[in-house]
Amino acid sequence: MVDPVKLAQDLIRRPSVTPKDEGAIGVLEAALAQAGFQNQRLPFAAAGTTEIQNLYASRKGDRPGKNICFAGHTDVVPVGRAESWSSDPFAAEIQDGKLYGRGAADMKSAIAAFAAAAARFVAKRQGKFAGTISLLITGDEEGPAVNGTKPVLDWLVAKGEKLDACIVGEPTNPTKLGEMAKIGRRGSFTGRLTVHGVQGHTAYPHLADNPIHRLSKMIAVLTEPLDQGSAHFPATTLQFATVDVGNPANNVIPAEAKAVFNSRFNDLYTAKSLEAEIRRRLDTVGGRYDLVCECSGESFLTPPGALSALLVEAVKAETGLTPELSTTGGTSDARFIKNVCPVIEFGLAGATMHKVDEHVPVADIEALSRIYERVLDAYLDA
């Protein structure tokens, strides 16, 4: 049997800061092999990028059926100042019933919980079940995400391997296990705005065109509400991250002013329609500007249905809580998976993710593993 806490510790002890693997995938492969999983290592490297290690592992039952997949990532963000941690961030120490370490919350403990759940399920059924249990694990979620989940999904399609449902083990709960699951995510849109003017002397503004003044008006029109939200999403937001002029002189009107903003948008927009609305607003101010746009992911939604109902019942049985089905937070690799099957996200509490002294209660890891096992029982018997 796979111990979810010990496996989480073993994973955390591999300092797999994106794009490094440091043996993390191998640790998981070894644990899954004990449960009879077939492991397929999938390294990918797009032109000009560092190779990323990925894993697709599967365990088929004794008869055909649906494929339920667990998806996650073994890569983690940097620790920051290691001396600020109360213990070595990769030592995976347990203190006062809590497991500490980079990746404890986001999301090595969830991967360990699912591996343990799958191992228990296969053992108690003695391999007799209809369908397939699979894991899609990447080392490129915290980074550019070009050599991870997306090419693995393309590989599965090329092989004719179909996923019927997927649970992503991201830390979805705000403070405690059982509060929230994610049935969708907002899109992420970044705009890089350059406003052009005419340089001149501040004492002779009529001979110049101050781009800062127009930029300030553009900021004002872009930060007016974009919508009031939709059935499953909060209102679209647009936040400016930086405004730059680079002018060291107090008596010079600069030739240009720059700003960068990010919008987290709901299902009332696509990246294309959002860009059109942003340009419409900028045009009301007038003047010459350049806008370079990029979208790291469209908004998406898996409407409440059979998969979310199974998860909600499993969570209620273990925690007594009914999780809110939410679309808040940042983006995740579910944005790729939603193109091939229904997907829901549920993991541990995310209050300490990416922080110094990242940690989760050991009891939550064990409870999460039992929740995943309940989902397997219900889904593969359906």
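Structure shown above.
Because the structure is predicted, anything quoted here is derived from the model rather than measured. (Residues numbered from 1 in each chain as written. Predicted model: local features only at pLDDT ≥ 70, side-chain atom pairs only at ≥ 80, totals over all residues. Heavy atoms only, no water.)

Remarks on the pattern of salt bridges
And step 1. Considering all chains together, one arrives at 25 salt bridges under this definition.
And step 2. Residue Glu 294 is joined to Arg 192 by a salt bridge in which the shortest nitrogen-to-oxygen separation is 3.7 Å. Taken together, the residues Glu 294 in strand E15 (residues 289–297) and Arg 192 in strand E10 (residues 187–196) connect sequence positions 102 residues apart.
And step 3. Judged by relative accessible area, Arg 192 falls into the partly exposed class, the value being 40%. (Salt bridge = Lys/Arg side-chain N within 4 Å of Asp/Glu carboxyl O. Helix = DSSP H or I, 4+ residues; strand = E, 2+ residues; numbered from the N terminus. Buried < 20%, exposed > 50% of the residue type's maximum accessible area, 1.4 Å probe, protein only.)

Remarks on the sheet that holds strand E12 (residues 237–244)
And step 1. Strand order in the open sheet made by the four strands is E12-E14-E10-E15, with antiparallel pairing throughout. In this open sheet, the two edge strands, each paired with only one partner strand, are E12 and E15. Taken over all neighbouring pairs, the strand axes of this sheet differ in orientation by 15° on average, direction set aside.
And step 2. Strands in contact with helix H5 (residues 211–222) are E10, E12, strand E14 (256–265) and E15; relative to E10, the strand with the most contacts, it is inclined by about 155°.
And step 3. Packed onto the sheet, helix H6 (residues 271–285) meets E10, E12, E14 and E15 and runs at close to 155° relative to E15. (Pairing = 2+ DSSP bridges. Axes fitted to C-alpha atoms, helices over the stretch in contact; angles between N-to-C directions. Contact = heavy atoms within 4.5 Å.)

Section: the sheet that holds strand E19 (residues 359–361)
Pairing between the strands of a sheet is mediated by backbone hydrogen bonds and can be parallel or antiparallel.
And step 1. One open sheet holds the three strands; their spatial order is E4-E5-E19, and the pairing between them is antiparallel. Strands at the two margins of the open sheet, each flanked by one partner only, are strand E4 (94–95) and E19.
And step 2. Relative to E19, strand E5 (residues 98–100) runs antiparallel, the two being bridged by three bridges. The partner of Lys 98 across the bridge, within E19, is Pro 361.
And step 3. Contacting E4, E5 and E19, helix H9 (residues 362–381) crosses the sheet at an angle of about 70° to E19.

Things to note about the nonpolar core
For soluble globular proteins, the rule of thumb is that nonpolar side chains tend to be buried together.
And step 1. The biggest cluster of nonpolar side chains holds 61 residues, and the ones touching the most others in it are Leu 7, Leu 28, Phe 70, Ile 133, Leu 135 and Tyr 372.
And step 2. Here the element with the most residues in this core is helix H3 (residues 104–125); it accounts for 15 residues.
And step 3. Among residues more than four places away in sequence, those in contact with Tyr 372 are Phe 70, Ala 110, Ala 113, Phe 114, Ala 117, Ile 167, Gly 169, Phe 346 and Gly 347.
And step 4. In terms of nonpolar packing, the next biggest core, distinct from the first, is built from 20 residues, Phe 189, Ala 257, Ala 259 and Phe 265 among them. (Core = buried A, V, L, I, M, F, W, Y, C linked by side-chain atoms within 4.5 Å.)

Describing H3
And step 1. Its 22 residues give H3 an end-to-end C-alpha distance of 30 Å, which sits within 8% of 32 Å, the value for a rise of 1.5 Å per residue.
And step 2. Within H3, 20 of the 22 residues are buried, which leaves the element mostly enclosed by the surrounding structure.
And step 3. Trailing H3 by a residue or two, Gln 126 shows a phi angle of about 55°, which is positive. (Expected span 1.5 Å × (residues − 1).)

Things to note about the packing of helix H7 (residues 306–319) against H9
And step 1. Following both chains from N to C, one finds H7 and H9 inclined at 135°, their axes separated by 9 Å at the closest point. As the angle between them shows, H7 and H9 are arranged oblique. Crossing hand, H7 versus H9: right-handed. Here Leu 310, Leu 311, Ala 314, Val 315, Ala 317, Glu 318 and Thr 319 of H7 lie close against H9, whose contacting residues are Ala 367, Arg 370, Ile 371, Arg 374, Val 375, Ala 378 and Tyr 379.
And step 2. For the contact of H7 with H9, the per-class residue count stands at ten nonpolar, one polar and three charged. (Parallel < 35°, antiparallel > 145°, perpendicular 65-115°, else oblique. Left-handed = near helix turned anticlockwise from the far one by under 90°. Nonpolar A, V, L, I, M, F, W, Y, C, P; charged D, E, K, R; others polar.)

Brief notes about the environment of Leu 32
And step 1. For Leu 32, the location among the structural elements is in helix H2 (residues 24–34).
And step 2. Looking at Leu 32, the relative accessible area reads 1%, which means it is buried.
And step 3. Leu 32 sits 42 residues away from Thr 74 along the chain, and the two C-alpha atoms are 15 Å apart.
And step 4. Setting aside residues no more than four positions away along its own chain, Leu 32 makes contact with Phe 37, Asn 39, Leu 55, Ala 57, Ala 115 and Leu 135.

Topic: the side chain of Thr 194
And step 1. Inspection of the secondary structure puts Thr 194 in strand E10.
And step 2. Note on Thr 194: relative accessible area 16%, which makes it buried.
And step 3. Ignoring anything within four residues of it in the chain, the contact list for Thr 194 reads Glu 256, Ala 257, Lys 258, Arg 288, Tyr 289 and Asp 290.

Overview of the state of the cysteines
And step 1. Scanning the model with the defined rule gives zero disulfides in all.
And step 2. Here Cys 69 stays free of any disulfide, with the sulfur of Cys 166 as its closest cysteine sulfur at 4.2 Å.
And step 3. Cys 166 provides the cysteine sulfur closest to Cys 341, a residue in no disulfide bond, and the two sulfurs are 5.3 Å apart. (Disulfide = S-S within 2.5 Å.)

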